[in-house]
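# Breakdown of the fold
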Amino acid sequence: MKAILKTKMTVAEICEGFEFNTFENKGLYGLAGKLTIQPEYQRNYLYADEGGEREVGVINSILNEYPIGLIYFNKVSNNKFEVLDGQQRITSLGRFINGKFSIEKGTQSFEGLAKEKKDKIKNTKLTIYEVEGTETEIKEWFKTINITGLALTDQEKRNAFYSGPFVTHAKEEFSNTQNSQIQMWSAYIKGNVNRQDFLERALAWVSKGEKNIDGYMSRHRFDTNIDELKIYFNKVINWISKVFEDVEKEMCGLEWGTLYEKYNKNSYNPKKISSKVQKLITDDNIKKKSGIFEFILGGSKDHSLLKVRIFDTSIKKITYSNQTKIANKKKESNCPLCTLGHDANKKKIWKFNEMEADHVTAWSKGGSNDIKNCQMLCITHNRVKGNL
């Protein structure tokens, strides 16, 4: 692999023939069509996110004569290049010159700048390395130079490593901010479209887990369609919306692919499901509301998914004190279940830290968390009793 330093190329030259695809949120070409700004292994354009402070920062750096860092071009053939590193900065420059955003808190466009400032931007020389090497060398270098700065996500790294027609089509579907389905998907998937979070989730679902994504992408790298990926993804989404009529904020970010595999063959009544969800979602005793959906899918059996709120310490201490006073008078155990036995614990007075709070009427059967429904049991009996 070799690299040649170029120090005379200006912003105007690089941005000649600049094209930006708003639909795919990426810069396409520059250098009069000789430069591919965002090859397949590059991530989406991110500098416009969060109010566009980073793209404004690039322009202000040029105007203040601050260096904007090294830029690397991959020479793919005579007079044909790809941006290996620097696509965010180049895209920022091209977008500003072509009127896509303004500086000075949105009040100053490129066309509105004084001539000397326009010339300053266009005539600024950038420090560029032209590199040549094999595909493996180029991609390894790409990963290395992206260790610093805005770190690549795992999926952005995978996109780089397995670049090809499959990644191209997959990004068009799942990394496209203009896709009208994104809003609906956002109810169930947490993350940023531009950072490849939606694509990563789709791949995790179809490959049955994040650990299998690399293998899946490797096998399908040169596929010219993403039919299997889209079909499976839509199956999961449609199943969720069919089973759960209401969309709750706690549904976002759940492992829906895993839940689909586990429960999609079961039959559910959406109306009854909705009623159960609303009852549980408003129950203040449930600390983990996100567990409600799997709890219901699993037949409302695994209460550990909900982390039901237990009695507070004051209630437990009052209950322990009352039970112990009565037990001492009756000369029997302060654990109600121990008194029913015939062993040595029948008359044992347990210490507070040897007992646990228990619902007299189970929470799952409508029992409350107030003091009237609390009893203290020895640890053994409480664990055996089990049911909330």
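These notes cover the structure that comes with them. Throughout, a residue's number is its position along its own chain's written sequence, starting from 1. With pLDDT at 70 or above as the cut-off, local features in this predicted model cover only qualifying residues; side-chain atom pairs require 80 or more to be listed or tallied, and sums for whole chains, interfaces and linings still use all residues. Here the side-chain values reflect all heavy atoms present in the structure, with hydrogen atoms and water set aside.

This brings us to the overall build of the chain. In this text, helices come from DSSP runs of H or I with a minimum length of four residues, and strands from runs of E with a minimum of two, each type numbered from the N-terminal end. Scanning the chain from N- to C-terminus turns up 16 helices and nine strands. We compute the radius of gyration over the C-alpha atoms and compare it with the globule rule, which gives 2.2 Å times the number of residues raised to the power 0.38. Here the C-alpha atoms of the chain give a radius of gyration of 31 Å, more than 25% beyond the 21 Å that 2.2 N^0.38 yields for 388 residues. For the C-alpha atoms alone, the extent of the chain along its principal axes is close to 100 × 45 × 40 Å. A burial count over the chain gives 47% of its 388 residues as buried. Note on contacts: a residue pair is in contact if any heavy atoms of the two residues lie within 4.5 Å. In the chain, of all internal contacts separated by at least 6 residues, the share reaching a separation of at least 24 is 63%. Note that accessible areas follow from Shrake-Rupley with a 1.4 Å probe, and for residues the cover is restricted to the protein chains shown. Accessible surface for the chain amounts to roughly 20400 Å². Of this, 49% is attributable to carbon and sulfur atoms. Where the 61 positive side-chain charges of the chain centre and where its 49 negative ones centre are 8 Å apart. Each residue gets one of three labels from its accessible area relative to the maximum for its type: buried under 20%, exposed over 50%, partly exposed in between, using a 1.4 Å probe on protein chains only. Think of it this way: Lys and Arg go in the positive column, Asp and Glu in the negative one, and His and the chain ends go nowhere. Positions of charges follow a simple convention, taking NZ of Lys, CZ of Arg, CG of Asp or CD of Glu.

Here we take up empty space enclosed by the protein. If a probe the size of a water molecule is rolled over the atoms, the empty space left behind becomes visible. Every definition here rests on a 1 Å grid over the protein atoms only: cavities are sets of points where a 1.4 Å probe fits but cannot get out, pockets are open sets enclosed by protein on both sides within 12 Å along at least five of seven lines, and lining residues have some atom within 4 Å of a point. Grid points are joined across faces, edges and corners, and a volume is the space filled by probe spheres set on the points. Taken as a whole, this structure holds two cavities of 30 Å³ or more when the rule is applied. Considered as a void within the structure, the second largest cavity measures approximately 40 Å³ in volume. For the lining of the second largest cavity, the leading source of residues is helix α13 (residues 270–281), giving three residues. When residue character is reported, Ala, Val, Leu, Ile, Met, Phe, Trp, Tyr, Cys and Pro are called nonpolar, Asp, Glu, Lys and Arg charged, and the others, Gly included, polar. Grouping the constituent residues of the lining of the second largest cavity by class yields five nonpolar, one polar and two charged.

Here the focus is the pattern of salt bridges. As a working rule, side chains carrying opposite charge can pair if their charged atoms are close by. One side-chain nitrogen of Lys or Arg within 4 Å of one carboxyl oxygen of Asp or Glu is enough to make a salt bridge. This model, assessed by the stated rule, comprises 17 salt bridges. Note that Lys 230 and Glu 173 form a salt bridge whose closest N and O atoms lie 3.9 Å from each other. Of this pair, Lys 230 sits in helix α11 (residues 227–243) while Glu 173 sits in helix α7 (residues 165–174), and the two are 57 residues apart along the sequence. Notably, a salt bridge pairs Glu 210 with Arg 201, separated by 2.7 Å at the nearest N-O pair. The structure contains a network of salt bridges with shared partners spanning Arg 158, Glu 200 and Asp 214.

A separate point is the packing of α7 against α11. Here α7 crosses α11 at 30°, and the two axes come no closer than 10 Å. Here α7 lies roughly parallel to α11, going by the angle between them. Residue-level contacts link Phe 166, Ala 170, Glu 173 and Phe 174 of α7 to Leu 229, Lys 230 and Phe 233 of α11. Tallied by class, residues from the contact of α7 with α11 come to five nonpolar, no polar and two charged. Working convention: axes come from line fits to C-alpha atoms, limited for helices to the stretch in contact. Angles between N-to-C directions cover 0 to 180 degrees. Roughly parallel covers angles under 35 degrees, roughly antiparallel covers those over 145, roughly perpendicular covers 65 to 115, and oblique covers all other angles.

All right, on to unusual backbone geometry then. Positive phi, normally seen in glycine, also occurs at Glu 65, with a value near 65°. In this structure, Glu 65 sits in the loop between α2 (53–63) and β5 (71–77). Non-glycine residue Gln 196 carries a positive phi angle of around 75°. With respect to the secondary-structure elements, Gln 196 resides in the loop between α8 (182–185) and α9 (197–206).

Paired strands, in this sense, are two strands between which DSSP finds at least two bridges. Across four bridges, the pairing between β5 and strand β7 (residues 128–132) is parallel. Opposite Phe 73, over in β7, you have Glu 130 as the bridge partner. With five bridges joining them, β5 and strand β6 (residues 80–85) adopt antiparallel strand pairing. Following the sheet pairing, Tyr 72 is matched in β6 by Asp 85. Taking the residues between adjacent antiparallel strands as the criterion, β5 and β6 are bridged by two residues, where Asn 79 takes a positive phi near 60°.

So, about the nonpolar core. Only buried residues count toward a nonpolar core. Its members are Ala, Val, Leu, Ile, Met, Phe, Trp, Tyr and Cys residues joined through side-chain atoms within 4.5 Å. If you look at the biggest cluster of nonpolar residues, it comprises 52 residues, and the most contacted ones within it are Leu 229, Trp 239, Phe 244, Trp 256 and Phe 293. Listed by contribution, the elements that provide at least two residues to this core are α7, α8, α9, α10 (213–220), α11, α12 (256–263), α13 and α14 (292–297). With near-sequence residues (within four places) excluded, Trp 239 lies in contact with Trp 256, Leu 259, Tyr 260, Tyr 263, Asn 264 and Leu 297. Met 9, Val 11, Tyr 47 and Val 56 belong to the second-largest nonpolar core, a separate cluster that totals 32 residues.

This brings us to a positive patch on the surface. A surface patch of like charges, here positive, comprises Lys 287, Lys 288, Lys 307 and Arg 309. In this fold, Lys 307 is placed in the loop between α14 and α15 (313–330). Note on patches: the residues involved have over 30% relative accessible area and no salt bridge, like charges join within 9 Å, and the nonpolar side chains Val, Leu, Ile, Met, Phe, Trp and Tyr join within 5 Å.

Counting through the fold element by element, Glu 130 comes out in strand β7. Lacking a salt bridge, the buried Glu 130 has Lys 6 as its closest oppositely charged neighbour, with an N-O distance of 4.3 Å. In this structure, Glu 130 is in contact with Lys 2, Ala 3, Ile 4, Lys 6, Phe 73 and Phe 81, ignoring residues within four places of it in sequence.

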